[in-house]
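Descriptive analysis of the structure
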Amino acid sequence: MRAAVLVFPGSNCDRDLATAFRAAGFKTDMVWHKDTSLPDGVDIVGVPGGFSYGDYLRCGAIAANSPICRALAAHAERGGFVFGPCNGFQILTETGLLPGALLRNAGLKYICRTVPLIVAEQDSVFTRGYAPGEEIRIPIAHHDGNYFADTDTLDRLEGEGLVAFRYAENPNGSQRDIAGILSPNHRVLGMMPHPERAADAGHGGTDGQRLFAHLTEALAAA
């Protein structure tokens, strides 16, 4: 299996994400934002957390218009897998690969702590390593993680099983406690929490490890 991790000015979780992919058995390439294509044979693209372009304009807005994001969109349109934690989630909404927007936290403060999540949807390669309704603990680190969408979009996400994770204790005001969502084909996942920061016992928890381990099993069998 082969993963590509995008790198933008201001990314600070790109190496964390690459380490989690490599530990799960992926050959992993780092891809600079000015590149116009992805490496051949990429199975999954990781869009990392951080503060791309210093979070100017809106978080993820400038990154979404970088040259590599055209290749990212083409990869997703071909049915390729995409995973975007934190700023990656913001970029995926700005590119239109996922609906909604990430607004300023309801408390207007940056939040950095480990929070409990509920696995809301198991039918994806990202979540099949968990039991439906299981509570896991994953770190968050964001200032603009308040998920917002109109009522019709929220109803569609819930009705079509596209809410992947919910907050057990909502830290940021996200509508309907949404922490992560899937694309209609379940091949794109965006989430504000950082499973790559919970993929090694040295980090204080390993609940994120199963996400990457199951990706390996699922893509190897495909």
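In the block above lies the structure referred to throughout.
Every value quoted in this text rests on a predicted model; they were computed, and no experiment measured them.

By the definition in use, this model includes 11 salt bridges. As a salt-bridge pair, R197 and D16 come within 4.0 Å of each other at their nearest N and O atoms. In this pair, R197 sits in the loop between strand 11 (188–191) and helix 5 (209–221) while D16 sits in helix 1 (residues 14–23), placing the two residues 181 residues apart along the sequence. What emerges from the salt-bridge pattern is a single network uniting D155, E158, R166 and R176.

Our next topic: empty space enclosed by the protein. Throughout the structure, instances matching the rule amount to 1 cavity of 30 Å³ or more. The volume enclosed by the largest cavity comes to roughly 50 Å³. Lining the largest cavity are G50, F51, D55, C59, C86, N87, Q90, A141, H142, H143 and D144. If you list the elements that add at least two residues to the lining of the largest cavity, you get helix 3 (87–95) and strand 7 (135–142).

Adjacent strands of a sheet pair through backbone hydrogen bonds, lying either parallel or antiparallel. Taken in spatial order, the 9 strands line up as 2-1-3-4-11-10-9-6-7 in an open sheet, and their pairing is mixed. Sheet topology places strand 2 (27–32) and strand 7 at the edges, where each strand pairs with a single neighbour. Sheet twist, expressed as the average angle between the axes of neighbouring strands with direction ignored, equals 20°. With 3 bridges joining them, strand 10 (residues 178–182) and strand 11 adopt antiparallel strand pairing. Opposite L182, over in strand 11, you have L189 as the bridge partner. Packing of helix 3 onto the sheet brings it into contact with strand 4 (81–85), strand 10 and strand 11, and relative to strand 4 it is tilted by some 120°.

The biggest cluster of nonpolar side chains holds 68 residues, and the ones touching the most others in it are F126 and F165. Among the elements that take part in this core, helix 2 (residues 67–77) stands out by supplying 6 residues, more than any other. Setting aside chain neighbours within four positions, we find F126 in contact with I44, F81, V82, F83, L182, H186, R187, V188, L189, L211 and L215.

The rules we used
Residues numbered from 1 in each chain as written. Predicted model: local features only at pLDDT ≥ 70, side-chain atom pairs only at ≥ 80, totals over all residues. Heavy atoms only, no water. Salt bridge = Lys/Arg side-chain N within 4 Å of Asp/Glu carboxyl O. Helix = DSSP H or I, 4+ residues; strand = E, 2+ residues; numbered from the N terminus. 1 Å grid on protein atoms, 1.4 Å probe; cavity = no way out; pocket = protein on both sides within 12 Å on 5 of 7 lines; lining within 4 Å. Points joined across faces, edges and corners; volume = space filled by probe spheres on them. Pairing = 2+ DSSP bridges. Axes fitted to C-alpha atoms, helices over the stretch in contact; angles between N-to-C directions. Contact = heavy atoms within 4.5 Å. Core = buried A, V, L, I, M, F, W, Y, C linked by side-chain atoms within 4.5 Å. Buried < 20%, exposed > 50% of the residue type's maximum accessible area, 1.4 Å probe, protein only.

Keep in mind that these numbers describe shape and distance, not what the molecule does.
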